[in-house]
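# Structural features, examined
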Amino acid sequence: MIDLKQYEVWFVTGSQHLYGPKTLEQVAEHSKEIAAALSASKHFPIQVVFKPVLTTPNAISELCLEANSAKNCIGLITWMHTFSPAKMWIAGLTMLKKPFVHLHTQYNREIPWDEIDMDFMNLNQAAHGDREFGFIGSRLRLERKVVVGYWQDDEVQRELGVWARAASAWADWQGAKVARFGDNMRDVAVTEGDKVQAQIQFGYDVYGYGVGDLVRAVNDTSNAETNQMMQAYLDEYDVAAVLRLGGERNPSLREGARIEVGMRNFLASGNFKAFTTTFEDLHGLAQLPGLAVQRLMRDGYGFGAEGDWKTSALVRAMKVMAAGLPGGVSFMEDYTYHFSANGDKVLGAHMLEICESIAKPGAKPKLDILPLSIGGKADPLRLIFDANTGPAIGASIMDMGQRFRMVANIVDVVPTDQPLPKLPVARALWLPRPNLKTAAAAWIYAGGAHHTSFSYAVTAEHLHDFAEMAGIEFILIDEKTRVHEFVEKLRWNDLYYHLFKGI
Ligand code: MN
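Figured I'd write up the structure that's included with this text. The structure displayed is predicted, hence computed values, not measured ones. (Residues numbered from 1 in each chain as written. Predicted model: local features only at pLDDT ≥ 70, side-chain atom pairs only at ≥ 80, totals over all residues. Heavy atoms only, no water.)

### Description of the environment of Ala-67
- On the secondary structure map, Ala-67 appears in helix H2 (residues 57-69).
- Distance in space between the C-alpha atoms of Ala-67 and Trp-10 is 8.2 Å, their sequence separation being 57 residues.
- Beyond its immediate chain neighbours, meaning those up to four positions away, Ala-67 contacts Trp-10, Cys-73, Leu-76, Leu-96 and Lys-98. (Helix = DSSP H or I, 4+ residues; strand = E, 2+ residues; numbered from the N terminus. Contact = heavy atoms within 4.5 Å.)

This is how it looks when you write it as structure tokens:
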């Protein structure tokens, strides 16, 4: 359900008429070549489209308005091959509603020492042309990414590709719908927030439904759909014997399949990209949806438990950023600790809802039915597996009252010290960077949630670019974090974001 191919980014070059038509033709040719190279780069998940060179304020404004209304355009790459007087950009950039990245590069890699003359100098003058453009971006206080280096270099293409993934997720959020089945878990604070402000700032809308609306969709499922879903379970998973055809719990497998079909039909017919559930509101549903949620996440839906719509939307955004990359993205919760001399670890899991996209490759997840100690419903189906190992990131967005904050922690997922034969849920064990003592203290000072969106594919750089597009604070906990400096940074950021509204 996530297709980045629908998106494109526009390659926009600024210049002026001073140089005459011959130079402008060369500028256009060079720009076409760079746009094509970026489009073909392995780092670019989407098409890069060359746009005619801009030389007047009118042309710039028209291009920016066109970008605003072009549904598949997720943003602009801007570059000043020659000098483009930046007052020409004020009207256009002020109107531009899409993100942009400023590529500070030069068509020619090296100075041709023997041949360089003033014609060469006048063509290859991004060194100062881009500074003029940079000034107006800063003068207008515009959020943008600046990428510096030679356009053929792998690192430059990688940085632009990261930005394009973040911009794709940002485009995906605009007009997105999140369905909430039931409200928030009662008394829980961090999963709450201002949905109106979220829509103003992030572009997605949160729709509330009574769980009865979902129950109707479950009751409307056909036998054919349910049988097909049960067959998919048998094909894809290591299904417990009691759940198989003829097993004593086989009716529960059927019930779980009906719930998944009903949820899929509901979400598809309403064109939703993410959803939440809550175990406190399940009237009419036989089981808390576990397996269904795991499989819907695998297919690209965002999810948050206990009514957590902010994490649900973030899981969806990170799924878009990660589309086509190895790794995965899941809803996650810091569940329990392992304090030990070999490094303090976090066991991450949830009651049921961990996405199989983060499972250790090669092993079929186990599909089982086991009691759930809370919720007071029938035993739910769930997939049980160990998560993949390696570096990962956990991120959450909190409503701090006046504004939103995103906090993230880089972690290293490791094998469990021993098998966990009695643990009935999917799980990941990790060492937070720099260590649990620092990471957990910093996380708690930042007010970070217990729920996160957890990924092996998304990096801090993706999240940073994304937070800049959203205009929210991004604060990272990694190997360089020191608690006291971190707390100081939180305080300064509080001041900055308070003042920023007025400047
Ligand atoms: Mn939870």
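### Observations concerning the sheet that holds strand S10 (residues 302-304)
- Strand order in the open sheet made by the 4 strands is S7-S6-S9-S10, with parallel pairing throughout. With one partner strand each, in any of the chains shown, strand S7 (205-209) and S10 form the two edges of the open sheet. For this sheet the average axis-to-axis angle between neighbouring strands, irrespective of direction, equals 20°.
- In this structure, strand S6 (residues 177-181) lies alongside strand S9 (residues 274-276), joined through 3 bridges in parallel fashion. Directly across from Arg-180, in S9, lies its bridge partner Thr-276.
- Where helix H12 (residues 309-321) meets the sheet, its contacts fall on S6, S7, S9 and S10, and the angle it forms with S10 comes to roughly 155°. (Pairing = 2+ DSSP bridges. Axes fitted to C-alpha atoms, helices over the stretch in contact; angles between N-to-C directions.)

### Looking at the pattern of salt bridges
- The final tally for this structure, using the stated rule, is 30 salt bridges.
- Between Lys-145 and Asp-465 there is a salt bridge, with its nearest N and O atoms 2.7 Å apart. Note that Lys-145 is positioned in strand S5 (residues 145-148) and Asp-465 in helix H14 (residues 460-470), a separation of 320 residues in sequence.
- Here Arg-433 makes a salt bridge to Glu-479, at a shortest N to O gap of 3.3 Å. Within this pair, whereas Arg-433 is found in the loop between strand S17 (428-432) and helix H13 (436-445), its partner Glu-479 is found in the loop between strand S19 (473-477) and helix H15 (483-500), the two being separated by 46 residues in sequence.
- Residue class for Arg-433 comes out partly exposed when judged on its relative accessible area of 22%.
- For Glu-479, a relative accessible area of 40% gives the class partly exposed.
- Because the salt bridges share partners, they merge into one network encompassing Glu-236, Glu-260, Arg-264, Arg-295, Arg-298, Asp-299 and Glu-356. (Salt bridge = Lys/Arg side-chain N within 4 Å of Asp/Glu carboxyl O. Buried < 20%, exposed > 50% of the residue type's maximum accessible area, 1.4 Å probe, protein only.)

### Digging into the packing of helix H10 (residues 250-269) against helix H11 (residues 291-298)
- Contact geometry of H10 with H11 gives a least axis separation of 9 Å together with a crossing angle of 45°. As the angle between them shows, H10 and H11 are arranged oblique. As for the relative orientation of H10 and H11, their crossing is right-handed in sense. On H11, the residues touching Ile-259, Glu-260, Met-263, Arg-264 and Leu-267 of H10 are Ala-292, Val-293, Arg-295 and Leu-296.
- Each residue belonging to the contact of H10 with H11 can be placed in one class, and the counts come to 6 nonpolar, no polar and 3 charged. (Parallel < 35°, antiparallel > 145°, perpendicular 65-115°, else oblique. Left-handed = near helix turned anticlockwise from the far one by under 90°. Nonpolar A, V, L, I, M, F, W, Y, C, P; charged D, E, K, R; others polar.)

### Side note on the sheet that holds strand S13 (residues 366-369)
- If you walk across this open sheet you meet the 3 strands as S8-S13-S14, and the pairing is mixed. For this open sheet the edge positions go to strand S8 (238-239) and strand S14 (381-384), each flanked by a neighbour on one side alone.
- For S13 and S14, the ladder comprises 4 bridges, and the chain directions are antiparallel. Bridge pairing in S14 links Ile-369 to Leu-381.
- Sheet strands touched by H11: S13 and S14. Its angle to S14, the strand with the most contacts, is close to 55°.

### Examining helix H6 (residues 154-173)
- Helix length check: H6, at 20 residues, gives a terminal C-alpha distance of 29 Å against a target of 28 Å (1.5 Å per residue), a fit within 8%.
- The buried count for H6 comes to 16 of 20 residues, which makes it a mostly enclosed element.
- Within two residues after H6, Gly-175 carries a phi angle of roughly 80°, on the positive side. (Expected span 1.5 Å × (residues − 1).)

### Comments concerning the coordination of the manganese ion
- At this site the manganese ion is bound by Glu-306 (OE), Glu-333 (OE), His-350 (NE2) and His-451 (NE2), with donor distances of 2.1 to 2.2 Å.
- In the primary structure, the donors to the manganese ion are separated according to the pattern E-x26-E-x16-H-x100-H. Highlighted residues: Glu-333 in strand S11 (residues 329-338) and His-350 in the loop between strand S12 (345-349) and S13, separated in sequence by 17 residues. Assigned by exposure class, Glu-333 and His-350 land together as buried. (Donors = N, O, S within 2.8 Å, 3.2 Å for Na, K, Ca; no water.)

### Some details on the nonpolar core
- Ile-77, Phe-202, Tyr-204, Phe-275 and Leu-463 are the most contacted members of the largest nonpolar core, which has 92 residues in total.
- It is H6 that provides the largest number of residues to this core, a total of 9 residues.
- For Phe-275, the contacting residues outside a window of four places in its chain are Val-178, Ala-179, Phe-181, Met-263, Leu-267, Val-293, Leu-296, Tyr-301, Gly-302, Phe-303, Gly-304 and Ser-312.
- The next biggest cluster of nonpolar side chains, apart from the first, holds 32 residues, and it includes Met-332, Val-346, Ala-392 and Trp-430. (Core = buried A, V, L, I, M, F, W, Y, C linked by side-chain atoms within 4.5 Å.)

### With respect to the packing of aromatic side chains
- Going through the model one piece at a time under the given rule, you end up with 27 aromatic pairs.
- Judged by centre distance (4.8 Å) and plane angle (45°), the ring pair of Phe-202 and Phe-404 falls under tilted. Taken as a pair, Phe-202 in helix H7 (residues 195-202) and Phe-404 in strand S16 (residues 404-414) lie far apart in primary sequence, 202 residues in all. Of the two residues, Phe-202 and Phe-404, both sit in the buried class.
- Relative to Phe-272, the ring of Tyr-207 has its centre 5.9 Å away and its plane inclined at 80°; by these criteria the two rings are edge-to-face. Residue Tyr-207 is located in strand S7, and its partner Phe-272 is located in the loop between H10 and S9; the two are separated by 65 residues in the primary sequence.
- Residue Phe-272 is classed as buried on the basis of its relative accessible area, which comes to 4%.
- Three or more aromatic residues link up through ring pairs in this structure, and these residues are Phe-181, Tyr-207, Tyr-209, Phe-266, Phe-272, Phe-275, Tyr-301, Phe-303 and Phe-331.
- The ring of Trp-10 carries the charged tip of Lys-51 above its face, separated from the ring centre by 4.0 Å. (Phe/Tyr/Trp six-rings, centres within 6.5 Å; stacked < 30°, edge-to-face > 60°. Lys NZ or Arg CZ within 6 Å of the ring centre and 35° of its normal.)

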